[in-house]
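# Residue-level structural notes
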Amino acid sequence: MITVTGATGNIGRTLVELLAGAGEQVVAVSRQPQPAAPATGVRWARGHLGDTAGLRPALEGSRALFLLLGGELNTRGESPEALLDAAADAGVERIVLVSSQVSATRPDSPSHARLRQFEDALGASGRDVTVLRPGGFASNAFAWAETVRTERTVFAPFGDVALPVVDPADIAAVAAAVLREDGHAGRTYELTGPEPISPRRQAAALAEALGEEVAFVELSREQAHAHLARFMPEQVIPGTLDVLGLPLPAELTISPDVAAILGRPAAPFGAWAVRNLSAFR
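Definitions and limits used
Residues numbered from 1 in each chain as written. Predicted model: local features only at pLDDT ≥ 70, side-chain atom pairs only at ≥ 80, totals over all residues. Heavy atoms only, no water. Helix = DSSP H or I, 4+ residues; strand = E, 2+ residues; numbered from the N terminus. Rg over C-alpha atoms; globule rule 2.2 N^0.38 Å. Contact = heavy atoms within 4.5 Å. Areas by Shrake-Rupley, 256 points an atom, 1.4 Å probe, with all protein chains shown as cover. Buried < 20%, exposed > 50% of the residue type's maximum accessible area, 1.4 Å probe, protein only. Polar contact = N/O pair within 3.5 Å; in protein donor to acceptor, adjacent residues only side chain to side chain. Pairing = 2+ DSSP bridges. Arc of directions from axis to C-beta.

### Remarks on the overall build of the chain
Helix and strand content of the chain: 13 helices and nine strands. A compact globule built from 281 residues would reach a C-alpha radius of gyration of about 19 Å, and the chain, at 19 Å, matches this within 12%. For the C-alpha atoms alone, the extent of the chain along its principal axes is close to 55 × 40 × 35 Å. Nonlocal contacts in the chain, meaning residues at least 24 apart in sequence, comprise 75% of its contacts between residues at least 6 apart. Only carbon and sulfur atoms are counted for the fraction: they give 53% of the accessible area of the chain, which is about 12,600 Å².

This is how it looks when you write it as structure tokens:
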């Protein structure tokens, strides 16, 4: 059995489907209520990583655990050591953590301190642990969905700064492989898309998928800051904008890890856009 936290998100939802489709018994943990008809082999449990005691029943009998920090990312929460103890008590043998590329490239970034805390604790545990460090998500483009639907326009800063964004479905596929296969213990995998793509080119890819023109309007850094402040803690906004507008060489690098693990190329942004087109119609 495999326990998946963050089971209703862009990564977790797909991961649950992949594991169940491979015949695994899955405990899907989320803050949200379970779907009306969960897939065969899937049991849903309410919980989150900020409540280790509440997670213990979801860990019982599992051989592997997938960790995705959601609402706990920017909160203190319980110590990762408490979660490790609970996993050990339940007999969990393997842990896969989704961290972030930025946790390594910008070690002083306050927005990723919680992820670094988990990485450090897992690394010091001596357990069968694998860390996944994705770059920017293709699904961040969902932030443009409303204006694409209503105005056929994308508003974004740094229009021509290209980053190799990764499809969350590829992150889920890598996680499924690492959770089920031997040979990944102690490894850290950088997960990116197959090519850098700028916000302007992402808008063009959405236009191609829709078969209609989509305009691109470039925001200033100040305008972008004001927009992010609607839903993002103030202390993490400057670092986020630095990644988007002033990426470091490591953040521009295309990693071979997705292809190496899956035996196929990472999916391009255009494929993500086609698969999620209903959000932009």
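### Digging into the side chain of His 112
Looking at the secondary structure, you find His 112 in the loop between α4 (102-105) and α5 (113-124). Here His 112 falls in the buried class, since its relative accessible area comes to 14%. A polar atom in the side chain of His 112 sits 3.3 Å from the side chain of Ser 100. Setting aside chain neighbours within four positions, we find His 112 in contact with Ser 100, Val 102 and Ser 103.

### Re unusual backbone geometry
Look at Arg 152: it is not a glycine, yet its phi comes out positive at around 50°. Mapping Arg 152 onto the fold places it in the loop between α6 (145-151) and β7 (153-157). For Arg 152, a relative accessible area of 18% translates into the label buried. Despite not being glycine, Phe 158 has its phi angle at roughly 55°, a positive value.

### What about the pairing of strand β4 (residues 64-68)?
In regular strands, side chains alternate between the two faces of the sheet. The buried fraction of β4 amounts to five of the five residues, a majority that puts the element mostly inside the structure. A two-sided burial pattern is seen for β4, the buried positions comprising Ala 64, Phe 66 and Leu 68 on one face and Leu 65 and Leu 67 on the other. Examined bridge by bridge, strand β1 (residues 2-4) and β4 share three bridges and lie parallel to one another. Bridged to Ile 2 within β4 is Ala 64. Bridge analysis of β4 against strand β5 (residues 94-98) gives five bridges, and the strand direction is parallel. Across the sheet, the residue bridging to Ala 64 is Arg 94, located in β5.

### Topic: helix α3 (residues 80-90)
Those residues of α3 that fall on the buried side of the exposure criterion are Pro 80, Leu 83, Leu 84, Ala 86, Ala 87 and Ala 90. Mapping the buried residues of α3 onto a view down its axis gives an arc of 160°, with all of them on the same face. On its buried face, α3 is in contact with α2 (52-59), β4, β5 and α5.

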